[in-house]
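Coordinates in review
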Amino acid sequence: MSDGILLKDREWASIDGQLCLVRQFVPMAKMENGQVTAISATMPYASVTLSTEDGRELKGFIGHKTDFAMMWVAFNERTEVAGTRLDVRSDIDSSDDLCLEHLGENEEVWLIWTRKSYRTGAGFFKSFLPRLIVMVSRKGALELLRNRDLRPELSGEARHCAISPTISPLLTWTPEVMKL
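Overview of the structure. (Residues numbered from 1 in each chain as written. Predicted model: local features only at pLDDT ≥ 70, side-chain atom pairs only at ≥ 80, totals over all residues. Heavy atoms only, no water.)

A closer look at the overall build of the protein chain
We count it as follows: Secondary structure elements follow DSSP: runs of H or I no shorter than four residues count as helices, runs of E no shorter than two count as strands, and numbering proceeds from the N terminus. Buried means the residue's accessible area, taken with a 1.4 Å probe over protein chains only, is under 20% of the maximum for its type, while exposed means over 50%, and partly exposed covers the values in between. Two residues form a contact once any of their heavy atoms are found within 4.5 Å. The Shrake-Rupley method, run with a 1.4 Å probe, gives the accessible areas here. Residue values count only the displayed protein chains as cover.
Assigned secondary structure in the protein chain consists of four helices and 10 strands. Each helix and strand of the protein chain, ordered N terminal to C terminal, gives the series β-α-β-β-β-β-β-α-β-β-β-α-α-β. Every one of the 180 residues in the protein chain was classed for burial, and the buried ones make up 44%. Taking as baseline every contact in the protein chain between residues at least 6 positions apart, the subset at least 24 positions apart corresponds to 69%. Accessible area of the protein chain: about 10100 Å², with a carbon and sulfur share of 52%.

Structure representation (structure tokens):
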């Protein structure tokens, strides 16, 4: 497998637990009436281009229906996904904060790939379980968190106050088999 490609769990494991910015989502399946329909049984459901915490740009392939469904609704339709918890930030009070129909121009999608957050007893079934936690946040929030040179006038408590509400995801889909 060439560098920069995440296909199997052993490649995805290189970013286990990292908060990644999704730069591009390319579906290779369809979502209709809450059901995922694969184009082919041998093809992944989608590909994603990611920017990782350690600065790498990677291309990953999504092979689990629930992972695909969470990515689909983050980008295309804001609905619940069977088998997941949907958390909506409590202080959202205007349409400027969140687009309810699709990914808005002032939003970005983050994901965490992990095999370490399953509830007790799920370990026997790990190979069949979803791996992603998918979030929608304000555009630029992750860059503000990662890049201390961005808005250098903010330091100490002022930076913390500016970052805290900005980086908190607006929406989060977490598989029910994962801990909170």
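Remarks on helix α2 (residues 65-75)
Counting buried positions over the 11 residues of α2 gives 10, a clear majority of the element. For α2, the set of buried residues is Thr66, Asp67, Phe68, Ala69, Met70, Met71, Trp72, Val73, Ala74 and Phe75.

Points about the environment of phenylalanine 25
Of note, phenylalanine 25 is situated in strand β2 (residues 19-27). Given the relative accessible area of 11%, phenylalanine 25 is considered buried. For the pair phenylalanine 25 and threonine 49, spaced 24 residues apart in sequence, the C-alpha separation works out to 6.7 Å. The residues contacting phenylalanine 25, other than those within four sequence positions of it, are Ala46, Ser47, Val48, Phe68, Met71, Trp72, Phe75 and Asn76.

Observations concerning the environment of leucine 111
Summarising the element assignment, leucine 111 is placed in strand β8 (residues 107-113). Residue contacts for leucine 111: discarding those within four places in its chain leaves Gln18, Leu19, Cys20, Val22, Leu50, Met71, Leu132, Ile133 and Met135.

Comments concerning the packing of aromatic side chains
Counted only if it meets this: Two aromatic rings from Phe, Tyr or Trp, using only the six-membered ring of Trp, form a pair when their centres are within 6.5 Å; if the ring planes differ by under 30 degrees the pair is stacked, by over 60 it is edge-to-face, and anything between is tilted.
Per the stated rule, a full pass over the model turns up five aromatic pairs. Between tyrosine 45 and phenylalanine 68, the ring centres sit 6.0 Å apart and the planes meet at 35°, which makes this aromatic pair tilted. Here the residue tyrosine 45 occupies a position in the loop between β4 (35-38) and β5 (46-51), and phenylalanine 68 occupies one in helix α2, the gap between them amounting to 23 residues. The same class applies to tyrosine 45 and to phenylalanine 68, which are both buried. Judged by centre distance (5.9 Å) and plane angle (40°), the rings of phenylalanine 68 and tryptophan 72 are tilted. One end of the pair is phenylalanine 68 and the other is tryptophan 72, both in helix α2 and four residues apart, which spans about a single turn. Residue tryptophan 72 is classed as buried on the basis of its relative accessible area of 16%. Taken together, Phe25, Tyr45, Phe68, Trp72 and Phe75 form an aromatic cluster joined through their ring pairs.

Details of the pattern of salt bridges
Short version of the rule: Salt bridge, as used here, is a side-chain nitrogen of Lys or Arg placed within 4 Å of a carboxyl oxygen of Asp or Glu.
Under the defined criterion, the tally for this structure stands at five salt bridges. Here arginine 131 and aspartate 9 are joined by a salt bridge, their closest N and O atoms 2.4 Å apart. Taken as a pair, arginine 131 in the loop between β8 and β9 (132-138) and aspartate 9 in helix α1 (residues 9-12) lie far apart in primary sequence, 122 residues in all.

Quick look at the pairing of β5
This is how it is decided: Only strands that DSSP links by at least two bridges are regarded as paired with each other.
Taking burial as the measure, the six residues of β5 include five buried ones, the bulk of the element. As paired strands, β2 and β5 are joined by six bridges and run antiparallel to one another. Counted as the bridge partner of leucine 21 is serine 51 from β5. Both β5 and strand β6 (residues 57-62) contribute to a ladder of six bridges, which runs antiparallel. Pairing of leucine 50 across the sheet is with leucine 58, part of β6.

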